[in-house]
Amino acid sequence: MEDNTKKIVMIVVTVACLLLAGTVLLRSCSTGGAGIDTEQLGKQKLWILCANCHHTFQWTKNELNEWMSEHDDMFPSVTSGNPGIKCPECGKQACFFGYKCPECGTFYFPGQIKGEYRDTCPKCRYSKMKEIGKKYQD
Ligand SMILES: [Zn+2]
Ligand SMILES: [Zn+2]
């Protein structure tokens, strides 16, 4: 009799543990809305510009993350002094993350104009950061 009781207790405990684990899993899945966001963020396209031949192309954030994980997590920024991404056009490691101006279509590297927002267009001075800043000020 005693052995049977022990067995039942063990089964009950095991089932309880499984149920608990199940709820924890379900919970982490349902609150994992952030997972969807990171997926969408990963598909966001970024502009990459070649400082040598001015070739421009787009990478998704995922592609950039992949490249960075292969290159000691160095962000390919023109102001950081890090080596850039290899250019598919001229073959030089001179491609860095950049912007395309939504106003005049100019491609440019961030942080080129001193005293201005990092994303200021050198041609028409449009800056998305400035626009967002204005919205908050109003
Ligand atoms: Zn190039
Ligand atoms: Zn512009």
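Scroll up a little and you will see the structure.
What counts, and where the lines are drawn
Residues numbered from 1 in each chain as written. Chains lettered and ligands numbered in written order. Predicted model: local features only at pLDDT ≥ 70, side-chain atom pairs only at ≥ 80, totals over all residues. Helix = DSSP H or I, 4+ residues; strand = E, 2+ residues; numbered from the N terminus. Buried ≥ 20, exposed ≤ 12 C-beta atoms within 10 Å, placed from the backbone. Contact = placed C-beta atoms within 7 Å. Pairing = 2+ DSSP bridges. Core = buried A, V, L, I, M, F, W, Y, C linked by C-beta atoms within 7 Å.

Colleague: Give me the lowdown on the overall build of the protein chain, citing residues and values where you can.
Modeller: Tallying secondary structure elements over the protein chain gives four helices and five strands in all. Each helix and strand of the protein chain, placed in order from N terminus to C terminus, yields the pattern α-α-β-β-α-β-β-β-α. Within the span of the protein chain, comprising 138 residues, buried residues form 11% of the whole. For the protein chain, restricting intrachain contacts to residue pairs at least 6 apart in sequence, the fraction spanning at least 24 positions comes to 32%.

Colleague: An account of the pairing of strand β4 (residues 93–100) is requested, with residue identities and associated values reported.
Modeller: The side chains of a regular strand alternate, first on one face of the sheet and then on the other. Across four bridges, strand β1 (residues 45–50) lies against β4 in antiparallel orientation. Bridge pairing links C50 to C95 in β4. Looking at chain direction, strand β3 (residues 85–86) and β4 are connected through two bridges and run antiparallel. Bridged to I85 within β4 is C95. The hairpin turn running from β3 into β4, its antiparallel successor, is six residues long, and G91 in that turn takes a positive phi close to 80°. Across two bridges, β4 lies against strand β5 (residues 107–108) in antiparallel orientation. Considered in β5, the bridge of Y99 is made with Y108.

Colleague: Outline the pairing of β1, listing residues and values.
Modeller: Sheet topology places β1 next to strand β2 (residues 56–60); five bridges connect them, and they run antiparallel. Bridge pairing in β2 links K45 to T60. Here β1 folds back onto β2 in antiparallel fashion, the turn holding five residues, of which H54 has a positive phi close to 65°.

Colleague: Go over the nonpolar core with me, naming the residues and quoting the values.
Modeller: Of all hydrophobic cores here, the largest spans eight residues; its members are I48, L49, C50, I85, C87, A94, C95 and F96. For this core, the elements supplying multiple residues, two or more each, are β1 and β4.

Colleague: Give a detailed account of the environment of E39, specifying residues and quantitative values.
Modeller: Secondary-structure assignment places E39 in helix α2 (residues 33–43). As for E39 and K61, which are separated by 22 residues in sequence, their C-alpha atoms are 9.6 Å apart.

Colleague: Give me unusual backbone geometry: which residues, what numbers.
Modeller: A positive phi angle is found at D72, which is not glycine, with a value near 50°. Located in the positive-phi region is D73, a residue other than glycine, with phi close to 60°. Within the secondary structure, D73 is located in the loop between α3 (61–70) and β3. Note on D73: 8 C-beta atoms within 10 Å, which makes it exposed.

Colleague: Mind laying out the environment of C121, listing which residues take part and the relevant values?
Modeller: If you trace the backbone, C121 turns up in the loop between β5 and α4 (128–137). Spatially, the C-alpha atoms of C121 and C101 are 6.2 Å apart, while their sequence positions differ by 20 residues. Other than its neighbours up to four places away in sequence, C121 contacts C101, E103, C104, T106, Y108, Y126 and S127.

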